[in-house]
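Summary of structural features
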Amino acid sequence: MADSIERLLDAELTDRFHFGQILVRKITGGFVLLHRDDEFREELQVFRSPEDVLEITRYDESGNYRPLKTAPNLAHGWRLELARLEELQRALDYFYPGRLAVFLAWKTGRLHTTPLRETLDRQSGMYRVAAKISDDQIDNVVGDFCRSDRGCLRTILWKRDQRGTVSSTKLPKEKFDPAYDQSKALGRPGSSAFAEATADKTTPATATIPLLCQEPCNLLVAECRKVVKDKDEL
């Protein structure tokens, strides 16, 4: 799998691309990674190991722990310099665990998606009650918890149920489009994965590799449980 991901990265590599909130630049002798908002910022703290990402991603700007790595709250102020493609692959996996493997499966037509209802129905123990959530509650929970501007930067590929119902009508259609850069919801310049961005005269066009979501995460399941429990306690 690691070799396949490296080959995918090599095929996708341009001089620069976005991956979530990260800008990756290909330079002579390696790669430079930094927060995409920090491209023209000076006095960044320099790191040189993929394992440094574990510390970079641990807390947000205010020092709060980040349980969801694809949340749009990656801290600023760092610069990661790497020499080899294998190091780049490891670093990106630390920034956004599993997203490269999901992207590879999607690109090769092997990605399986799981509806929210199926995920909830297979829960056990304290999370079993989450399956009682209503469709209206799902609409609101997913629409709030998964929104790109303050929830999660993944592009949703899963449906609400086996009938193919959209996961939430409260989310814009772009939330389900792999060709859309979810960071645009943050009010920052971006691009699609398959087309050049509309750039100004000082910012080069930059492609984007999407963060794909193939099934509801454990944090969303916990949020569904909370909504059901809160209603039961009223």
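Above: the structure in question.
Description of the structure in this document. Given the structure is predicted, the values throughout are model-derived calculations rather than measurements.

If you look at the biggest cluster of nonpolar residues, it comprises 36 residues, and the most contacted ones within it are Ile22, Leu33, Trp78, Leu80, Leu88, Leu92 and Phe95. Secondary structure elements with two or more residues in this core: helix H1 (2-12), strand S1 (16-19), strand S2 (22-27), strand S3 (30-35), helix H2 (53-56), strand S5 (78-82), helix H3 (85-95) and helix H4 (99-107). For this core, the leading source of residues is H3, giving 5 residues. Beyond its immediate chain neighbours, meaning those up to four positions away, tryptophan 78 contacts Ile22, Leu33, Leu34, His35, Asp38, Leu44, Gln45, Phe47, Ile56 and Phe95. Listed in part, the 18 residues of the second largest apolar core include Leu120, Cys146, Trp158 and Cys217.

Let us look at the environment of lysine 69. Position of lysine 69 among the secondary structure elements: in the loop between H2 and S5. What makes lysine 69 buried here is its relative accessible area of 18%. When the C-alpha atoms of lysine 69 and tyrosine 59 are compared, they prove to be 9.7 Å apart, with 10 residues separating the residues in sequence. Filtering out sequence-adjacent residues up to four positions away, lysine 69 remains in contact with Thr57, Arg58, Phe95, Tyr96 and Pro97. Engagement of the side chain of lysine 69 in a polar contact is seen with the backbone oxygen of threonine 57, the distance being 3.2 Å. Within the local environment of lysine 69, its side chain forms a polar contact with the backbone oxygen of arginine 66, the two atoms lying 3.0 Å apart.

In the case of a regular strand, side chains alternate between the two sheet surfaces. The pairing of S1 with S2 spans 4 bridges and is antiparallel. Note on S2: the bridge partner recorded for histidine 18 is leucine 23. Between S1 and S2, which pair antiparallel one after the other, the connecting turn spans 2 residues, and glycine 20 there sits at a positive phi close to 65°. Relative to S3, S2 is paired through 6 bridges, and the arrangement is antiparallel. Bridge pairing in S3 places leucine 23 opposite leucine 34.

Rules behind the numbers
- Residues numbered from 1 in each chain as written.
- Predicted model: local features only at pLDDT ≥ 70, side-chain atom pairs only at ≥ 80, totals over all residues.
- Heavy atoms only, no water.
- Core = buried A, V, L, I, M, F, W, Y, C linked by side-chain atoms within 4.5 Å.
- Buried < 20%, exposed > 50% of the residue type's maximum accessible area, 1.4 Å probe, protein only.
- Helix = DSSP H or I, 4+ residues; strand = E, 2+ residues; numbered from the N terminus.
- Contact = heavy atoms within 4.5 Å.
- Polar contact = N/O pair within 3.5 Å; in protein donor to acceptor, adjacent residues only side chain to side chain.
- Pairing = 2+ DSSP bridges.

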